[in-house]
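Chain residues, written in single-letter form:
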Amino acid sequence: MNNFQDTMDHTQENEILVATQTYSVERPIYSYPALHGKLHKKDKVPDPIGDKIKRALSCTPKKIRNIIYMFLPICKWLPAYKPREYVFGDFVSGISTGVLHLPQGLAFAMLAAVPPIFGLYSSFYPVILYCFFGTSRHVSIGPFAVISLMIGGVAVRLVPDDMYVGGGGANSTNGTEERDAMRVKVAMSVTLLSGIIQFCLGVLRFGFVAIYLTEPLVRGFTTAAAVHVFTSMLKYLFGVKTKRHSGPFSVVYSTLAVIANVKKLNICSLVVGLMCFALLLGGKEFNERFKNKLPAPIPLEIVAVIIGTGISAGFNLEESYKVDVVGSLPLGLLAPATPDSSLFHLVYVDAIAIAIVGFSVTISMAKIFAVKHGYQVDGNQELIALGICNTIGSLFQTFSISCSLSRSLVQESTGGNTQLAGCLASLLILLVILAIGFLFESLPQAVLSAIVIVNLKGMFMQFSDLPFFWRTSKIELTIWLTTFVSSLFLGLDYGLITAVIIALMTVIYRTQSPTYTVLGQLPNTDVYIDIDAYEEVREHAGIKIFQINAPIYYANSDLYSNALSRKTGVNPALIMAARRKVLKKHAKELGTKGKPQSSVVKVDAEAGGEEDAKQEEQIEENAKPMTIDSLVQKTFPEELERFLPPGPNVHTMILDFSQVNFIDSVGVKTVSGILKEYGDVGIYVYLAACSAQVVNDLTRNRFFENPCVKELLFHSIHDAVLGAKVREALAQQEALAPPPEEDSEPITDPET
């Protein structure tokens, strides 16, 4: 506490010291040509193609070592393993995680619509493989509720219950076995295809795809998946026989099916399930409250499994009370089998969704632990690792795996330091598969249902995101809600696609509807901030500074132009229309008096005028040297200015591009149009604080085709403001200077 207070006092002293310091800089006003006239670009000589090829194909010991470390991370961390520091923590963590793998593997196999033994296979093979190829030291790989539910949705859609299962008797038993065997084939095919997709994405360095699954999207998606899992587990908790549904509105159909059969519920199954439910909830609360005093969390799931199995076997609940149990758990490992590739065209959409969701969940959890423990994870290598786990695992009858949130938290909190903890957990599962699996054949399915539902607590707690996003960001709230609703009612596969599309649309909306700000100066500084936000900020007379916090491209270029005139109050179209109206009125008055116009005024073609006068002015204009003033028309007669309606007296518009990261061809045309429109009414337009990328974009789109346009670019807003003031001061000096004597006769009125 004392150290924290000392740190806070030191921070406050530094803040006071910084706030009292000042600096003064003297330098010229830098326009773009002036600044780059003093700079000399570095000569970048590209390497010859031959050297690049030679370097790419070279084979050095260091390069070989880096490649091995990249594709086999275990070769890097295993030699650096510290037995004295890590063994105990990995041992405790492995045991704790292993006892979670058993009930969750059995339960998630129910979600995947395959026999329970395949959940144990999925808890063994992928964990061993990830130890060699994964970069995270703390995530627990294996069956995950959301992925298992997505697998089950595909299996039920392609192999519905009524395809094989008919009436009772031996035919029903044989039909169930045929149905389960076909669903295993479907699950293996989806797993293989999703693994191939993940591996290819990793090799092609597509690890960045996870950034398109934003946190609100992932949390909304997993919350909807939790509702799907909950409704899928109700029939096991109540002990009722209902058809499993998949596809759009499956969650509604499943809930209605359970409600319709609620009169047939199995009281014994419900009581056993509720007892385990209460035990797990109370035990987890105890673990949370005394986590600092307990050497390791109490493995409540395995306790519930042991108690449930003991009660079921002791009282023969399956025969006496018709309670559904896990059933056959054959000992031993199955021989490898090739998945059915003929199903790929039926499951590729689901495989893509499973591949992306599985990777997104894994990399999100891996990054959290990496930041906490001070190491790095490689997204591309994680894709490769998951791809290998799913691809090779599918040959041994596993279904798609990912990072389990609950097991990962246990593996990390119990002292796990490396993936050797995961290897130890998988060895416990191997023991069950090879030797003691038959002991759990009497385990009631209601117990597994209670375990799954309790583990959904963390996902259901994500509903608390809604008030937070309501306060912080309505757009992220929209992403969360639309993802939740679409995934809930359309299904997890189509819901995810819909959510990604909506998330991308919000990006377009953000750039299409950015924040437009008029800036002013903090007095006696070169700081320019929002004039509407602070009382101390002041505008310079005759200068408007306009800022956008987004790129200028085809989707918002027109909006940018409209916002410029709206926010600054300077609309060149209205100014031009008012001038035309005054000119017409003045010409009409001259016509009624019978007096010809005494001077030629250059206006738009729509304002009228003689053809020869326009040609004469054009010749004179072409004869003038190209200068910055040639971009601005100042030919409106001063004697007529008093007839115009009152408006802002603005001579310079400064467009702050400091927050513009790119501008496309449509945006360049828009900015060129702004220069012309405002120049036609005598207003200069300056561009300030353009990044090198924006300058390159302007150059490529021939914005500087007129060389004097570069004089309109300034290094900073303050440079542009000072440049505008200097220009106006020179203009006033020229206006006050006596006109040069000319040997020409004055123009006289022929009637006088």
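You'll find the structure just up there.
The present account deals with the structure reproduced in this document. What you see is a predicted model, and the numbers here were worked out from it, not measured in a lab.

Rules and cut-offs
- Residues numbered from 1 in each chain as written.
- Predicted model: local features only at pLDDT ≥ 70, side-chain atom pairs only at ≥ 80, totals over all residues.
- Heavy atoms only, no water.
- Salt bridge = Lys/Arg side-chain N within 4 Å of Asp/Glu carboxyl O.
- Helix = DSSP H or I, 4+ residues; strand = E, 2+ residues; numbered from the N terminus.
- Phe/Tyr/Trp six-rings, centres within 6.5 Å; stacked < 30°, edge-to-face > 60°.
- Buried < 20%, exposed > 50% of the residue type's maximum accessible area, 1.4 Å probe, protein only.
- Pairing = 2+ DSSP bridges.

**What to know about the pattern of salt bridges**
Applying the stated criterion to the full structure yields 15 salt bridges. When the shortest N-O distance is used, the salt bridge between R219 and D465 registers 2.5 Å. Taken together, the positions of R219 in helix α12 (residues 215–238) and D465 in helix α23 (residues 465–472) put the pair 246 residues apart, joining distant regions of the chain. With its nearest N and O atoms 3.0 Å apart, the salt bridge here joins E412 to K372. Of this pair, E412 sits in helix α19 (residues 405–413) while K372 sits in helix α17 (residues 344–373), and the two are 40 residues apart along the sequence.

**Here's the deal with the packing of aromatic side chains**
Taken as a whole and judged by the stated rule, the model has 20 aromatic pairs. Measuring from centroid to centroid gives 5.7 Å for Y516 and F546, while their planes differ by 10°, and the two rings are stacked. Taken together, the residues span a long stretch of sequence, with Y516 in strand β3 (residues 516–521) and F546 in strand β5 (residues 543–548) at a distance of 30 residues. Taken as a pair, Y516 and F546 share a single burial class, namely buried. Ring plane angle 85° and centroid distance 5.1 Å describe the contact between Y553 and Y554, whose orientation is recorded as edge-to-face. The exposure class of Y554 is exposed, given its relative accessible area of 61%. Put simply, the rings of Y32, F703 and F704 touch in pairs and so form one group of aromatic residues.

**Quick look at the sheet that holds β3**
Strand order in the open sheet made by the six strands is β4-β3-β5-β6-β7-β8, with mixed pairing throughout. Two strands in the sheet have a free side with no partner beyond their single neighbour: β4 (528–530) and β8 (713–714). In the sheet, strand β7 (residues 684–688) pairs with β8 via two bridges, with the strands oriented parallel. Along β8, the bridge assignment pairs L687 with L713.

**Section: unusual backbone geometry**
With glycine set apart, most residues show a phi of negative sign, and most peptide bonds adopt trans. In this structure, F249 takes a positive phi of about 65° despite not being glycine. When you line up the elements, F249 lands in the loop between α12 and α13 (250–260). Here K322, not a glycine, exhibits a phi torsion of approximately 55°, which is positive. Note on K322: relative accessible area 61%, which makes it exposed.

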